Amino acid sequence: MTHQPMPSHRFDRLFETKFLYAPKTVQNQDIQSISQALDSKTPLFLEIGAGKGKHAMLFASSNTDKHLIAIERTREKFNAFQKQADLGEFKNLTVIHADAIAFCAHFIAPNSLDGVFILYPNPEPHNKNQRWLNMPFFEFLLSRLKVGGLITIASNIESYMDEACQRLDEVWRLPYTKRAIDPASARTHFEIKYLARGENCQEIIVTKPAGYQTRFDHVLVKEQAV
Ligand SMILES: C[S@@+](CC[C@H](N)C(=O)[O-])C[C@H]1O[C@@H](n2cnc3c(N)ncnc32)[C@H](O)[C@@H]1O
């Protein structure tokens, strides 16, 4: 009989990978560089919606002992990012043009990430189900995180952050800290724009505690949870 883990959260809907095809834009060399990072036990980080890559390149240059996979879905932004990343010749940065959900389902193993960055995500005002903490994918993402791993979420929209905290408390049941972002911070293009307008940017840092269970902890890439 298959062991059914009791999840630590209260999110019912199950992430479905059945119709998620491997993004064709992911190159063999990208997969090789991620595998090498994993084999060498280099701490692995993921950035979802990296835009033109300002944060990713800052992170890679100041954390040469860590590897970052930075994913951007929009071709124009990805192209601008890739161009700058090529000039920087970063050995510890893999730049991916893909949908992050399909990418993770196919290429990120359980318990492999030390941290995830989701910086200024689209607020999805007309479709709240598309917000990261409201999606079944979030459970899958948690399963890819190591114990003690961190998810950093930043936004300029107070109601988005309040909703995220409510979901973390009541649904995901995860510990986190929330703080205002220093007005001098300049990690991403959107952060610079919002802070220049005098907007209140905030950051939530979520920690995955020991013993936290999801229905995907033993699901390798492209397998469905039992
Ligand atoms: C508001 S922008 C923020 C970009 C960047 N993080 C910044 O702060 O400057 C959100 C970005 O997330 C990207 N994005 C949204 N959903 C995505 C997904 N499922 N996979 C990859 N990128 C995604 C969008 O294309 C967009 O570039």
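Since the model is a prediction, treat every value here as computed from it, not as a measurement.

Student: Quick question: what am I supposed to make of the sheet that holds strand 1 (residues 44–48) here?
Tutor: By way of backbone hydrogen bonds, the strands of a sheet pair with one another, either parallel or antiparallel. In space, the seven strands of this open sheet follow the order 3-2-1-4-5-7-6, with mixed pairing throughout. In this open sheet, the two edge strands, each paired with only one partner strand, are strand 3 (93–97) and strand 6 (176–180). Averaged over all pairs of adjacent strands, the angle between their axes in this sheet comes to 15°, without regard to strand direction. In this structure, strand 2 (residues 67–72) lies alongside strand 3, joined through five bridges in parallel fashion. Bridged to L68 within strand 3 is L93. In this fold helix 1 (residues 28–39) packs onto strand 1, strand 2 and strand 3, with an angle of close to 140° to the strand it touches most, strand 3.

Student: Looking at this model, I keep getting lost on the layout of surface pockets. Mind explaining?
Tutor: Empty space among the atoms becomes apparent when a probe as large as a water molecule is rolled across them. Within this model, the largest pocket holds a volume of roughly 780 Å³. Forming the walls of the largest pocket are 35 residues, and the residues nearest its centre are G49, E72, Y120, P121 and N122. If you tally residues by element for the lining of the largest pocket, the top one is helix 7 (residues 189–196), at three residues. Residues that form the lining of the largest pocket fall into these classes: 16 nonpolar, 11 polar and eight charged. Space inside the second largest pocket adds up to approximately 350 Å³. Considering the residues around the second largest pocket, the lining is formed by 18 residues, among which Q29, D30, Q82, L93 and V95 are closest to the centre. Listed by contribution, the elements that provide at least two residues to the lining of the second largest pocket are helix 1, helix 3 (75–88) and strand 3. In terms of residue count, the dominant contributor to the lining of the second largest pocket is strand 3 (five residues). Taken together, the residues of the lining of the second largest pocket break down into six nonpolar, eight polar and four charged.

Student: Teacher, can you tell me more about the site of the ligand here?
Tutor: Around the ligand, a shell composed of 16 residues is seen, among which G49, E72, T74, L119 and T188 lie nearest. Residue G49 places a main-chain N or O atom 2.8 Å away from a nitrogen atom belonging to the ligand. Within the backbone of A100, an N or O atom sits 2.9 Å from a nitrogen atom of the ligand. Placement of the ligand is best described as lying within the largest pocket. Each residue belonging to the shell around the ligand can be placed in one class, and the counts come to six nonpolar, six polar and four charged.

Student: How should the packing of aromatic side chains be read in this particular structure?
Tutor: Think of a pair of aromatic rings as described by two things: how far the centres are apart, and how the planes are tilted against each other in angle. Overall, the coordinates contain 14 aromatic pairs when judged by the stated rule. Summarising the aromatic geometry, the rings of F15 and F216 are spaced 6.2 Å apart at their centres and angled 70° between planes, so their arrangement reads as edge-to-face. Of this pair, F15 sits in the segment before helix 1 while F216 sits in the segment after strand 7 (202–207), and the two are 201 residues apart along the sequence. Between F45 and F117 the ring centres are 6.2 Å apart and the planes differ by 25°, which places this aromatic pair in the stacked class. Here F45 is found in strand 1, whereas its partner F117 is found in strand 4 (residues 113–119), with 72 residues between them in sequence. Pair check on accessibility: F45 and F117 agree, each one buried. Across the ring face of F140, the terminal group of R144 is positioned such that the distance to the ring centre comes to 4.0 Å.

What counts and how
- Residues numbered from 1 in each chain as written.
- Predicted model: local features only at pLDDT ≥ 70, side-chain atom pairs only at ≥ 80, totals over all residues.
- Heavy atoms only, no water.
- Pairing = 2+ DSSP bridges.
- Helix = DSSP H or I, 4+ residues; strand = E, 2+ residues; numbered from the N terminus.
- Axes fitted to C-alpha atoms, helices over the stretch in contact; angles between N-to-C directions.
- Contact = heavy atoms within 4.5 Å.
- 1 Å grid on protein atoms, 1.4 Å probe; cavity = no way out; pocket = protein on both sides within 12 Å on 5 of 7 lines; lining within 4 Å.
- Points joined across faces, edges and corners; volume = space filled by probe spheres on them.
- Nonpolar A, V, L, I, M, F, W, Y, C, P; charged D, E, K, R; others polar.
- Near = heavy atom within 4 Å.
- Polar contact = N/O pair within 3.5 Å; in protein donor to acceptor, adjacent residues only side chain to side chain.
- Sits in = over half its atoms within 2 Å of the grid points.
- Phe/Tyr/Trp six-rings, centres within 6.5 Å; stacked < 30°, edge-to-face > 60°.
- Buried < 20%, exposed > 50% of the residue type's maximum accessible area, 1.4 Å probe, protein only.
- Lys NZ or Arg CZ within 6 Å of the ring centre and 35° of its normal.

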